[in-house]
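# Tertiary structure, described
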Amino acid sequence: MHRIGSIFIRTRASNLCFAADFLQGEHSHHFTVKFSRHDPKEYTVNCHQPCTVLEAIKSTEKYKEKIKCADANIIIQWGKEDKESIVPTHFPCSCISDDECLIISCKKETIEEAQEQQNKIIYPRDRYIVFFIDTIGGVNAKSKELFRSSVVKQYKTLCVYGEKGMTVEAALKRDGRFIDDLGKFSLSDNENPNILTDCTVTVDNLDQKLLKICLPLNKRKSDEKQQEKEGASNNLQNEHETSDNIDEIYEILRQQFPDLKKWMEERFSGNSYEEELTLRKEDFGKIQQSFSEVHRVRNLLKLGESVCKLIVKDVCQGTGFVLFDNFILTNAHLFENHIDVKKLQLDVDVWALFNYDDPEPDTNFYRFSCEKTLIDFDVELDYAILKLNPEGRSNKRRNTKKIKVPPGLLKKFGPLPLNGEACIIGHPEGRLKEMDSTCIIEKERRLKAINDNLQPYTDSKFIIQPIIQVLKAQSIENIMMGGRDAEKVVTYNTFMYHGSSGSPVFDALGRVVGLHSAGFTYDTRIFPPNLGSGQSLELEGYMLSE
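Note that the structure is a prediction, hence the values are computed from the model and not measured. (Residues numbered from 1 in each chain as written. Predicted model: local features only at pLDDT ≥ 70, side-chain atom pairs only at ≥ 80, totals over all residues. Heavy atoms only, no water.)

## Focus: the confidence of the model for the protein chain
What counts here: Looking at any residue, its pLDDT shows the predictor's confidence there, from 0 to 100. Contact between two residues is taken to exist if any of their heavy atoms lie within 4.5 Å; hydrogens are not considered.
On average, residues of the protein chain score 79 in pLDDT, and 74% of them reach the 70 mark or higher. Here residues 1-25 scores under 50 on pLDDT; set against residues more than four positions off or in separate chains, the count is 106 contacts. Across residues 525-546, where pLDDT falls below 50, the model places 53 contacts with residues more than four positions away in sequence or in other chains.

## Concerning the sheet that holds strand S18 (residues 383-387)
So the rule is basically this: Paired strands, in this sense, are two strands between which DSSP finds at least two bridges. Under the DSSP-based scheme used, a helix requires at least four consecutive residues in state H or I and a strand at least two consecutive residues in state E, with every element numbered from the N terminus.
Pairing is antiparallel in the open sheet, where eight strands are placed in the order S17-S18-S14-S13-S12-S15-S16-S19. Both edges of this open sheet fall to strand S17 (376-378) and strand S19 (393-394), since each of them pairs with a single strand only. Pairing analysis gives six bridges linking strand S12 (residues 307-312) to strand S13 (residues 316-324), with the strands arranged antiparallel. Residue pairing in the sheet places Leu 310 in a bridge with Gly 318 of S13.

## Some thoughts on the packing of aromatic side chains
We count it as follows: Whether two aromatic rings pair depends on their centres lying within 6.5 Å, for rings of Phe, Tyr and Trp, where Trp uses its six-membered ring; planes under 30 degrees apart make the pair stacked, over 60 edge-to-face, and the rest tilted. Categorising residues by exposure relies on relative accessible area from a 1.4 Å probe, with only protein chains included: less than 20% of the type maximum marks a residue as buried, more than 50% marks it as exposed, and the intermediate range marks it as partly exposed.
This model, assessed by the stated rule, comprises 14 aromatic pairs. For the ring pair Phe 91 and Tyr 161, a centre distance of 5.6 Å and an interplane angle of 85° mean the geometry is edge-to-face. Pair noted here: Phe 91 is in the loop between strand S5 (85-87) and strand S6 (101-106) and Tyr 161 is in strand S8 (residues 157-163), with a separation of 70 residues, a long-range link. On the basis of relative accessibility, which here comes to 2%, the residue Tyr 161 falls in the buried class. Centroid distance Tyr 128 to Tyr 161: 5.7 Å. Interplanar angle 80°. Geometry classified as edge-to-face. A residue pair is termed long-range when its members are at least 10 positions apart, and Tyr 128 in strand S7 (residues 128-134) and Tyr 161 in strand S8 qualify at 33 residues. The two residues Tyr 128 and Tyr 161 agree in class, both being buried.

## Examining the sheet that holds S7
The cut-off we apply is this: Every axis in this analysis is a line fitted to C-alpha atoms, fitted for helices over the stretch in contact. Angles between the N-to-C directions lie between 0 and 180 degrees.
If you trace the 10 strands from one edge of the open sheet to the other, you get S3-S2-S6-S4-S5-S8-S7-S11-S9-S10, paired in mixed fashion. Two strands bound the open sheet, and with one partner strand each, they are strand S3 (43-47) and strand S10 (196-198). Averaged over all adjacent pairs, the angle separating strand axes in this sheet is 40°, with direction ignored. Of the strand pairs in this sheet, S5 and S8 are connected by two bridges, and their pairing is parallel. In the sheet register, Ser 85 faces S8, and the bridge partner there is Thr 157. Seen against the sheet, helix H4 (residues 168-175) touches S7, S8, strand S9 (186-189), S10 and strand S11 (210-214) and runs at an angle of roughly 120° to S8.

## Focus: the pattern of salt bridges
The following threshold applies: One speaks of a salt bridge when a side-chain nitrogen belonging to Lys or Arg is within 4 Å of a carboxyl oxygen belonging to Asp or Glu.
Enumeration according to the criterion identifies 23 salt bridges in this entry. Close ionic contact of Lys 302 with Glu 305 constitutes a salt bridge, the shortest N to O distance being 3.5 Å. A relative accessible area of 54% places Lys 302 in the exposed class. A relative accessible area of 38% means that Glu 305 is categorised as partly exposed. Asp 357 is the salt-bridge partner of Lys 433, the closest N and O atoms lying 3.4 Å from each other. Note that Lys 433 is positioned in the loop between strand S20 (421-426) and strand S21 (434-441) and Asp 357 in the loop between strand S15 (350-354) and strand S16 (366-369), a separation of 76 residues in sequence. A residue is classified by how much of its surface remains accessible, and Lys 433, at 18% relative accessible area, is buried.

## So, unusual backbone geometry
For residues that are not glycine, phi is negative in most cases, and the peptide bond is trans in most cases. A positive phi angle, close to 70°, is found at Asp 99, a residue other than glycine. Relative to the helices and strands, Asp 99 resides in the loop between S5 and S6. Residue Asp 325 is not a glycine yet carries a positive backbone phi of 50°. A relative accessible area of 57% places Asp 325 in the exposed class.

## Here's the deal with the environment of Glu 380
Relative to the helices and strands, Glu 380 is located in the loop between S17 and S18. A sequence separation of 48 residues divides Glu 380 from Ala 332, and the C-alpha atoms of the two residues are 8.8 Å apart.

## Description of a positive patch on the surface
Just so we agree on the cut-off: Without a salt bridge and with relative accessible area above 30%, a residue can belong to a patch; like charges are then joined within 9 Å and nonpolar side chains (Val, Leu, Ile, Met, Phe, Trp, Tyr) within 5 Å. Accessible surface is estimated by sampling points in the Shrake-Rupley manner with a 1.4 Å probe; for residues, cover comes only from the protein chains shown. Only four residue types enter the charge count: Lys and Arg as positive, Asp and Glu as negative, with His and the chain ends excluded. For charged residues, the charge sits on one atom: NZ in Lys, CZ in Arg, CG in Asp, CD in Glu.
A cluster of basic side chains, namely Lys 41, Lys 62, Lys 66 and Lys 68, defines a positive patch on the protein surface. Locating Lys 62 in the fold gives a position in helix H3 (residues 61-66). Using a relative accessible area of 53% as the deciding quantity, one classes Lys 62 as exposed.

Below, the structure is given as structure tokens:
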């Protein structure tokens, strides 16, 4: 079925849990959290999967509600000692031992810059180096502004972490609490100030050390300051000129399109239009920033080599990807009614086509047959693991080169994000490999996303009511707030529909965070044409009421 408009797709987090456990081992520990330094109550946080400390705390809805500010305004104190040390919100939970206590407090100003690396893979403790930066600067830094917010100076140290092999400079930059330009700094050991570590050196020998930031002697010239002042003055003048031009353009548009202006005012009351436009710009900006950078696209294309088109002979087509060695992961529903006790029926053959990228006559793919016995199969979680036979064949007869299975993506797995960018790579409708960049729809905005998708059809109840019934028949209510599966899935808009089931879902850092498994579709061609303007309908009433 050719679908018109956007599609509302979900991907299950649990589909990848078994693979993450395979990669990182069993992850289970606990700690406590306080939401006020003066409150004697401590709340237990049970952590069953690798994540940041803030994600672990917010995984419990009751705890999440207690945090009344944005993530960037949060301070997390490590331990109960009075204003001892604070960790970033993206601090790995694996670096927190059992029964340790964290204290959450909210500030009015920004403490920590949001980092896109917050959704990175969380490793075991032995992969990290954890060290402490004194809030009092060292040589040439005592009177310098080192931190994004002066609030952190109320504490003795900032706890910083880095993976082994990471430079000191990279660790502090990712931390988010330091100023953007520290320059060519070094760290001095508090126990022996004569021992210095340059910012370009790795963090490997700094574990548990207490350090101060040291800066070189300031040699900036007065003429450089003068240039900055002149540049600021010119920028201010340009801003005034640009503002005047924009106001003039807006006035011309208002005069030329009075009906459009009237409709917009009726459609969006108060400041709702500006708010909606801001949200749209933010969403577009997220995608544009992440997936327009050449190095990200290059990385995704490389990872996409492990994605294959699956052909279930005389049944259907889908997508899969190499998990590790010659094992591939895909959706279980591709083999529905064709499985006998984890074995494919005798008359069902499955082929995996790799490098199915180029159109005819340049198509140069190679295929592997799949073994009849499934390695793992789960209907409820909708995943299946198949084993490829070791020998692949090219569609080019002259190609006698030995063909290998592409590298697996298991080592690229990352935690399930609650928001941010996403990218799906697969074979919709069995076509050549395609890529779709999109944004994750937070669970709180799912209903709004549905309304946005159906907005073009709300003028006629002859169209909108059948569409709503189709969506309700697909149990779309289960993923709405309070629904049975609301916390178990991630949602996003995409054109990747039939045939792309089993595609990997990547985040902006190129990590696999989900398995593209199911969606909610409707085809406007099957409904009657719009017979008139009709009455504008509120979709919430139809979407949630019985």
